[in-house]
Amino acid sequence: QVQLVESGGGLVQAGVSLRLSCAASGGTFRTYTMGWFRQAPGKEREFVAVINWSGSNKYYADSLRGRFTISRDNAKKTVYLEMNALKPEDTAVYYCAADTSSRLQPQKTYEYEYWGQGTQVTVSS
């Protein structure tokens, strides 16, 4: 069983940066594709970014490319999401997820087997 715990969210002003972390336990983290999703109030959960097992392949939602950066440290069993120039529309609960099937750049929620509980990011204007 894989457990994922996000941290690093909070209330920030527009324009600042924030780094989210997702720590994994159980399973074999180094073999998993890891993704970040977010869900704003009243909206569906949407794809943010994905990184393959080694960190050599990354993919981002078109609207976020250039502002957000995904990375991972397999030794620490942690995946990160660096968010820059935050905007009020980035306000959401951010979730990390693990795909144990080695899919190429999974972007759908059903492609991920394990999920964290989420961390709230609120960006004020």
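Below, the structure is looked at part by part. Everything quoted here is computed from the prediction, not taken from an experiment. (Residues numbered from 1 in each chain as written. Predicted model: local features only at pLDDT ≥ 70, side-chain atom pairs only at ≥ 80, totals over all residues. Heavy atoms only, no water.)

**Some thoughts on the side chain of Glu111**
Worth spelling out the cut-off: By the criteria applied, helices consist of DSSP H or I runs no shorter than four residues and strands consist of E runs no shorter than two, each listed in order from the N terminus. Between buried and exposed lies partly exposed: a residue is buried under 20% and exposed over 50% of the maximum accessible area for its type, with that area taken using a 1.4 Å probe on protein chains only. Asp and Glu count as negative and Lys and Arg as positive, but His and the ends of the chain are not part of the count. Each salt bridge in this description consists of a side-chain nitrogen of Lys or Arg and a carboxyl oxygen of Asp or Glu lying within 4 Å of one another. Within 3.5 Å is the distance limit for a polar contact, defined as a pair of N or O atoms, with the added protein rule that one can donate a hydrogen and the other accept it, and that residues adjacent in sequence qualify only through two side-chain atoms. We call two residues in contact whenever any of their non-hydrogen atoms come within 4.5 Å of each other.
Secondary-structure assignment places Glu111 in the loop between strand S9 (92–99) and strand S10 (114–115). Of the side chains with opposite charge, Arg103 comes closest to the buried, unpaired Glu111, at an N-O distance of 4.2 Å. A polar contact is formed between the side chain of Glu111 and the backbone nitrogen of Gln107, at a distance of 3.0 Å. Each residue touching Glu111, except ones within four places of it in the same chain, is listed here: Asp99, Arg103 and Pro106.

**Topic: the environment of Leu64**
Looking at where Leu64 falls in the secondary structure, it is placed in the loop between strand S6 (58–60) and strand S7 (68–73). Residue classification places Leu64 among the buried positions, given a relative accessible area of 2%. A sequence separation of 17 residues divides Leu64 from Phe47, and the C-alpha atoms of the two residues are 10.0 Å apart. The contact partners of Leu64, leaving out residues within four places of it in the chain, are Arg38, Val48 and Asp90.

**Some details on the pattern of salt bridges**
According to the stated counting rule, one finds 6 salt bridges in the structure shown. The residue Glu46 makes a salt bridge to Arg38 at a minimum N-O spacing of 2.5 Å. What makes Arg38 buried here is its relative accessible area of 8%. Between Glu113 and Arg103 there is a salt bridge, and its shortest N-O distance comes to 3.5 Å.

**Quick word on the packing of aromatic side chains**
Think of a pair of aromatic rings as described by two things: how far the centres are apart, and how the planes are tilted against each other in angle. Rules: Put simply, two rings from Phe, Tyr or Trp (the six-membered ring, in Trp's case) pair if the centres are within 6.5 Å, and we call them stacked under 30 degrees between planes, edge-to-face over 60, tilted for the rest. By definition, being over a ring means that NZ of Lys or CZ of Arg is both within 6 Å of the ring centre and within 35 degrees of the ring normal.
Counted under the stated rule, the structure contains 6 aromatic pairs. Taking the centre distance of 6.3 Å and the plane angle of 25 degrees together, the rings of Phe47 and Tyr59 count as stacked. Taken together, the positions of Phe47 in strand S5 (residues 46–51) and Tyr59 in strand S6 put the pair 12 residues apart, joining distant regions of the chain. Judged by its relative accessible area of 26%, Tyr59 is partly exposed. Members of the aromatic cluster, joined through ring pairs, are Phe37, Phe47, Tyr59, Tyr95, Tyr112 and Trp115. The ring of Trp115 carries the charged tip of Arg45 above its face, separated from the ring centre by 4.9 Å. Of note, Arg65 hangs over the ring of Tyr59, and the distance from its end group to the ring centre comes to 5.2 Å.

Coordinates in, geometry out; function isn't part of it.
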